[in-house]
Amino acid sequence: MSLNPFGHTYEIVGQATVGVTWDPVEDVLPFLKHVRLQGCPTVLIPNIWITPADAVDLYTRFLTRFEDGSALLD
C-alpha cells in the first residue's frame, strides 16, 4: 500500500504461505522487486509474521535499492 498526499495505491504483488520452514527475508524479497513506487518509502510497517531482526534485514535490503535509500535508512 502506498499512501501520499497526492494519491493512494494498493497492489498485490504476490502470495506467500507462512509455515514452519519459511524464511521471511528470502521469501519476500523477490516480491519487492516488482513494487512500483514513486520514490523511496519513509515508513515501513512490519506484520506479526516477521521478527524485529528479520524486519531490519528485509527493510535494509529493500531500501538500499533506492538512490536515497541508505540515507533514509540511517
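Residues numbered from 1 in each chain as written. Predicted model: local features only at pLDDT ≥ 70, side-chain atom pairs only at ≥ 80, totals over all residues. Heavy atoms only, no water.

Draft legend 1. Looking closely at a nonpolar patch on the surface. Nonpolar side chains collect at one region of the surface, where Val-18, Ile-48 and Trp-49 lie side by side and expose about 360 Å² of accessible area between them. The topology assignment puts Ile-48 in the loop between helix 1 (24–32) and helix 2 (52–63). According to the relative accessible area criterion, Ile-48 is exposed, its value standing at 75%. (Patch = residues over 30% accessible without salt bridge, like charges linked within 9 Å, V, L, I, M, F, W, Y side chains within 5 Å. Areas by Shrake-Rupley, 256 points an atom, 1.4 Å probe, with all protein chains shown as cover. Salt bridge = Lys/Arg side-chain N within 4 Å of Asp/Glu carboxyl O. Helix = DSSP H or I, 4+ residues; strand = E, 2+ residues; numbered from the N terminus. Buried < 20%, exposed > 50% of the residue type's maximum accessible area, 1.4 Å probe, protein only.)

Draft legend 2. Local environment of the environment of Lys-33. Position of Lys-33 among the secondary structure elements: in the loop between helix 1 and helix 2. In this structure Lys-33 comes out as exposed when scored by relative accessible area, which is 61%.

Draft legend 3. Local environment of the pattern of salt bridges. Counted under the stated rule, the structure contains two salt bridges. As a salt-bridge pair, Arg-61 and Glu-26 come within 2.8 Å of each other at their nearest N and O atoms. With a gap of 35 residues between them, Arg-61 in helix 2 and Glu-26 in helix 1 connect regions that are remote in the sequence. A relative accessible area of 34% places Arg-61 in the partly exposed class.

Draft legend 4. Broad picture of helix 1. Considered for burial, the residues of helix 1 that qualify are Pro-24, Val-25, Leu-29 and Leu-32. Viewed along the axis of helix 1, the buried residues span an arc of 110 degrees, placing them on a single side of the element. Looking at the buried residues of helix 1, the elements they touch are helix 2. (Arc of directions from axis to C-beta. Contact = heavy atoms within 4.5 Å.)

Draft legend 5. Representation of the nonpolar core in the model. Ranked by size, the top nonpolar core spans 11 residues in total: Val-25, Leu-29, Leu-32, Cys-40, Ile-50, Ala-55, Leu-58, Tyr-59, Phe-62, Leu-63 and Phe-66. Of all elements in the fold, only helix 1 and helix 2 reach the threshold of two or more residues within this core. With five residues, helix 2 is the single largest residue contributor to this core. Ignoring anything within four residues of it in the chain, the contact list for Leu-58 reads Val-25, Val-28, Leu-29, Leu-32 and Ile-50. (Core = buried A, V, L, I, M, F, W, Y, C linked by side-chain atoms within 4.5 Å.)

Draft legend 6. Just the packing of helix 1 against helix 2, in detail. Where helix 1 contacts helix 2, the two axes come as close as 10 Å, and the packing angle between them is 30 degrees. One way to sum up the angle between helix 1 and helix 2 is to call them roughly parallel. Helix 1 and helix 2 meet at a crossing whose hand is right-handed. Between helix 1, through Pro-24, Val-25, Glu-26, Val-28, Leu-29 and Leu-32, and helix 2, the contact on the second element is made entirely by Asp-54, Asp-57, Leu-58, Arg-61 and Phe-62. Looking at the contact of helix 1 with helix 2 residue by residue, the class counts come to seven nonpolar, no polar and four charged. (Axes fitted to C-alpha atoms, helices over the stretch in contact; angles between N-to-C directions. Parallel < 35°, antiparallel > 145°, perpendicular 65-115°, else oblique. Left-handed = near helix turned anticlockwise from the far one by under 90°. Nonpolar A, V, L, I, M, F, W, Y, C, P; charged D, E, K, R; others polar.)

What is shown is where atoms sit, not what they do.
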